[in-house]
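Single-letter residue listing:
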Amino acid sequence: QQVNPMAVSNSSNALQSTFYLTGIPGYEEFHHLISIPFCLLYLAGIMGNCTILHIIRTDSRLHEPMYYFLAMLSLTDMGMSMPTMVSVFRVLWSISREIQFNICVVQMFFIHTFSFTESSVLLAMALDRYVAICHPLRYATILTPRLITKIGIVALLRSAFAMIPLLARLAYFPFCRSHILSHSYCLHQDMIRLACADTKFNVVYGLVLITVLWGMDSLGIFVSYVFILHSVLRIASHEGRLKALNTCASHISAVLILYVPMIGLSLVHRFAKHSSPLIHIFMAHIYLLIPPVLNPIIYSVKTKQIRQGVLHFLFPKKH
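Conventions used here
Residues numbered from 1 in each chain as written. Predicted model: local features only at pLDDT ≥ 70, side-chain atom pairs only at ≥ 80, totals over all residues. Heavy atoms only, no water. Core = buried A, V, L, I, M, F, W, Y, C linked by side-chain atoms within 4.5 Å. Buried < 20%, exposed > 50% of the residue type's maximum accessible area, 1.4 Å probe, protein only. Helix = DSSP H or I, 4+ residues; strand = E, 2+ residues; numbered from the N terminus. Contact = heavy atoms within 4.5 Å. Patch = residues over 30% accessible without salt bridge, like charges linked within 9 Å, V, L, I, M, F, W, Y side chains within 5 Å. Areas by Shrake-Rupley, 256 points an atom, 1.4 Å probe, with all protein chains shown as cover. Salt bridge = Lys/Arg side-chain N within 4 Å of Asp/Glu carboxyl O. pLDDT = per-residue confidence, 0-100. Disulfide = S-S within 2.5 Å.

A. Geometry of the nonpolar core. Membership of the largest hydrophobic core comes to 82 residues, with the highest contact counts inside it found for Leu122 and Met191. Take this core: its biggest share by element is 15 residues, from helix H5 (residues 101-134). Beyond its immediate stretch of four places on either side in the chain, Met191 contacts Phe19, Phe101, Cys104, Met108, Leu170, Phe175 and Leu181.

Shown next, in the form of structure tokens:
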């Protein structure tokens, strides 16, 4: 009996597979123009977060728990968006649409790991605000540099180890259907729809992962703010209440900036599979590019010490 070469190819290890990324369908002739705003957004995100990190590192007045967590937020923002830069511009500049399976998996690992890590960092920042407002006299003794370092390491390891079973299974899937991905970078939920195998584990595990990790983090943030509001409402002066709440404004904005696009992208992939590809692409890029661009701006505008640091960095002679 002869063996069908296509059958061998289809059932071969996914490590041998080449996938093809997609730009903006129907607008291929405008890809070079479309790349300009993408380039500006990537540059704004990198420059903004690097500026925040530089200011926190060099200004000894900012060596406090709140700013250490802000530095973690900047690192996770860049860790989530930067792995996609090369593949996005390779597609938009018509260099190549091809991406090898192993590179795709590494890209997915960084995107999803840092996405979950950022959620954990936002929880840590909520706890920081809770301690600062509800237990101000114990703030420095509770949130020690040692504890902050442990929180950062645990947040990263928790997210990384959680992703390993999900991505490891992809290596055993045959991809006998189309190898064309929906985006200009790799997402797990995009790749499993191409597999010719039972993907129930990946689908269920992915949903459990999102529910447990995002669910625990968002619940922790919500509970922290319940205690914060309870404490703030006990402050006698109206001005004091506003001042206390104002210290949380930047963090609340960062939470919304991460969770709203994240939930939107998940809903689009789950329940709007047959909608216009442009909606999927638009949501995917908002999810990756908006947090790194907006978080440094919000913290620079709303946090006096960061704003002063940015002005001093940009105009050293005037400040």
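Read on for the rest.
B. Quick look at a nonpolar patch on the surface. A surface patch of nonpolar side chains, amounting to about 580 Å² of accessible area, comprises Tyr27, Phe30, Leu33, Ile36, Leu40 and Leu278. With respect to the helices, strands and loops of the structure, Leu278 is situated in helix H11 (residues 277-302). What makes Leu278 partly exposed here is its relative accessible area of 34%.

C. Structural view of the confidence of the model for the protein chain. Predicted confidence across the protein chain gives a mean pLDDT of 86, with 92% of residues reaching 70 or more. At the low end of the mean pLDDT range in the protein chain sits helix H1 (residues 5-11), at 39; at the high end sits helix H7 (residues 145-168), at 94.

D. Geometry of the pattern of salt bridges. Throughout the structure, instances matching the rule amount to four salt bridges. Salt-bridge contacts for Arg61 lead to Asp59; the nearest nitrogen and oxygen are separated by 2.9 Å. Looking at Asp59, the relative accessible area reads 14%, which means it is buried.

E. Just the state of the cysteines, in detail. Under the criterion given, the structure shown has one disulfide. Each disulfide pairs two cysteine sulfurs, and for Cys104 the partner residue is Cys186, the sulfurs being separated by 1.8 Å. With the S-S bond torsion at -105°, the cross-link from Cys104 to Cys186 turns out left-handed. With Cys104 in helix H5 and Cys186 in the loop between H7 and helix H8 (188-191), the pair connects residues that are 82 residues apart, well separated along the chain. Just as Cys104 is buried, Cys186 falls in that class too. Note on Cys50: no disulfide assigned, nearest cysteine sulfur contributed by Cys39 at a separation of 15 Å. Cys50 sits in the partly exposed class, given a relative accessible area of 37%. With no disulfide of its own, Cys248 lies 9.0 Å from the sulfur of Cys134, the closest cysteine sulfur. Look at Cys248 and you get buried, because its relative accessible area is 1%.

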